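As a plain string of letters, each chain reads:
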Amino acid sequence: MPRPSVPAVLFVDGYNIIGAWRCLKNTRDSAGLEAARGELIDAMINYSAFQGYETQIVFDAHYHHASSNREIITELVSVYYTDFGQTADTYIEKSCASLRSQIISSQISRMIVATSDRAQQLVVQGYGAEWLSAQQLCSAVETTVCRVRQKYQTRKKSQSRFLASAIDDKARQKLAALRMGLQ
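Here the structure is a predicted model, which is why all the values come from computation and not from measurement.

Reading guide: rules and limits
- Residues numbered from 1 in each chain as written.
- Predicted model: local features only at pLDDT ≥ 70, side-chain atom pairs only at ≥ 80, totals over all residues.
- Heavy atoms only, no water.
- Core = buried A, V, L, I, M, F, W, Y, C linked by side-chain atoms within 4.5 Å.
- Buried < 20%, exposed > 50% of the residue type's maximum accessible area, 1.4 Å probe, protein only.
- Helix = DSSP H or I, 4+ residues; strand = E, 2+ residues; numbered from the N terminus.
- Contact = heavy atoms within 4.5 Å.
- Pairing = 2+ DSSP bridges.
- Axes fitted to C-alpha atoms, helices over the stretch in contact; angles between N-to-C directions.
- Phe/Tyr/Trp six-rings, centres within 6.5 Å; stacked < 30°, edge-to-face > 60°.
- Salt bridge = Lys/Arg side-chain N within 4 Å of Asp/Glu carboxyl O.
- Right-handed = clockwise from strand over helix to strand, strands pointing away.

Participant: Which residues make up the nonpolar core, and what values go with them?
Facilitator: Formed by 27 residues in total, the largest nonpolar core has its most connected members in Val-12, Ile-17, Trp-21, Leu-40, Met-44, Ile-57 and Leu-137. No other element matches the 6 residues that helix H3 (residues 33-51) contributes to this core. Once residues lying within four places of it in the same chain are set aside, the contact partners of Val-12 are Ile-17, Leu-40, Met-44, Thr-55, Gln-56, Ile-57, Val-58, Ile-92, Ala-114 and Leu-137. Counting 14 residues, the second-largest nonpolar core is a separate cluster that includes Phe-11, Ile-92, Cys-96 and Val-113.

Participant: Give me the lowdown on the sheet that holds strand S6 (residues 130-132), citing residues and values where you can.
Facilitator: Taken together, 6 strands build an open sheet; the order of strands is S3-S4-S2-S1-S5-S6 and the sheet is mixed. In the strand order of this sheet, the two ends are held by strand S3 (69-72) and S6, each with one partner. Averaged over all neighbouring strand pairs, the angle between strand axes comes to 20 degrees, with direction disregarded. Inspection of the sheet shows strand S1 (residues 9-13) paired to strand S5 (residues 111-114) by 4 bridges, in the parallel sense. Opposite Phe-11, over in S5, you have Val-113 as the bridge partner. Against the sheet, H3 engages S1, strand S2 (54-59) and strand S4 (77-81), with an angle of about 165 degrees to S2.

Participant: Account for the packing of aromatic side chains, with residues named and values stated.
Facilitator: Evaluation of the coordinates by the stated rule reveals 4 aromatic pairs. Their ring planes at 15 degrees and their centres at 4.0 Å tell us that Tyr-80 and Tyr-91 sit as a pair that is stacked. Residue Tyr-80 is located in strand S4, and its partner Tyr-91 is located in helix H4 (residues 88-104); the two are separated by 11 residues in the primary sequence. Accessibility classification places Tyr-80 together with Tyr-91 in one group, the buried group.

Participant: I'd like a description of the pattern of salt bridges, backed by residues and values.
Facilitator: Evaluation of the coordinates by the stated rule reveals 3 salt bridges. Among the ionic pairs, Asp-29 bridges to Arg-28, the shortest N-O distance being 3.1 Å. Residue classification places Arg-28 among the partly exposed positions, given a relative accessible area of 30%. Ionic pairing is found between Glu-34 and Arg-37, a salt bridge with its closest N-O pair at 2.3 Å. Within this pair, Glu-34 and its partner Arg-37 are both found in helix H3, separated by 3 residues, close to a single helical turn. Taking relative accessible area as the criterion, Glu-34 reaches 54% and is therefore assigned exposed. The class for Arg-37 is buried, based on a relative accessible area of 6%.

Participant: Go over the environment of Ala-140, please, and point to the residues and values.
Facilitator: Position of Ala-140 among the secondary structure elements: in helix H6 (residues 134-156). By relative accessible area, Ala-140 is classed as partly exposed at 23%. Distance from Ala-140 to Tyr-47, taken between C-alpha atoms, is 8.3 Å for residues 93 residues apart in sequence.

Participant: Go over the pairing of S5 with me, naming the residues and quoting the values.
Facilitator: Burial of the side chains of S5 extends over both faces: Met-111 and Val-113 are buried on one face and Ile-112 and Ala-114 on the other. Across 3 bridges, S5 lies against S6 in parallel orientation. Across the sheet, residue Ile-112 finds its bridge partner in S6, namely Glu-130. Handedness of the S5-helix H5 (residues 118-126)-S6 crossover: right-handed.

Spelled out as structure tokens, the structure:
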């Protein structure tokens, strides 16, 4: 059986998540919707990179008066603004329906939809997608941030509390030469 190239495709109902996460709601209320979108995108970039998920963040057109467009943010994250009159729910449902055959043929191992919309949850599960509530996604993102910090801090720690033990031999020799006035 061929191994899937992408472990999962994650669809994020953008405005639903912004309305559900306290931190994004606060940003939206204080700095505006664009700032909240930016924070959500940043969070999903980090989460997707750590998980290896191909992520599409979908925003409804009724807050964005332009024709549909897709912005590729990173190799794994893209943002999609629906056509005017099309909802994020409709776009996500159609995408799940079209990707179902790729799951069956093992090109994709999982489809995940992040939304707290109960009706959408039921529809996408009918297409074989997993469902994450906004709070579950928030928790998963926070857990990932903690794991990345822990991993980074473990690497960052040096064996000693002295600066000299944290630098390489060549740099240490140059510093010794400078201290003795040889350079």
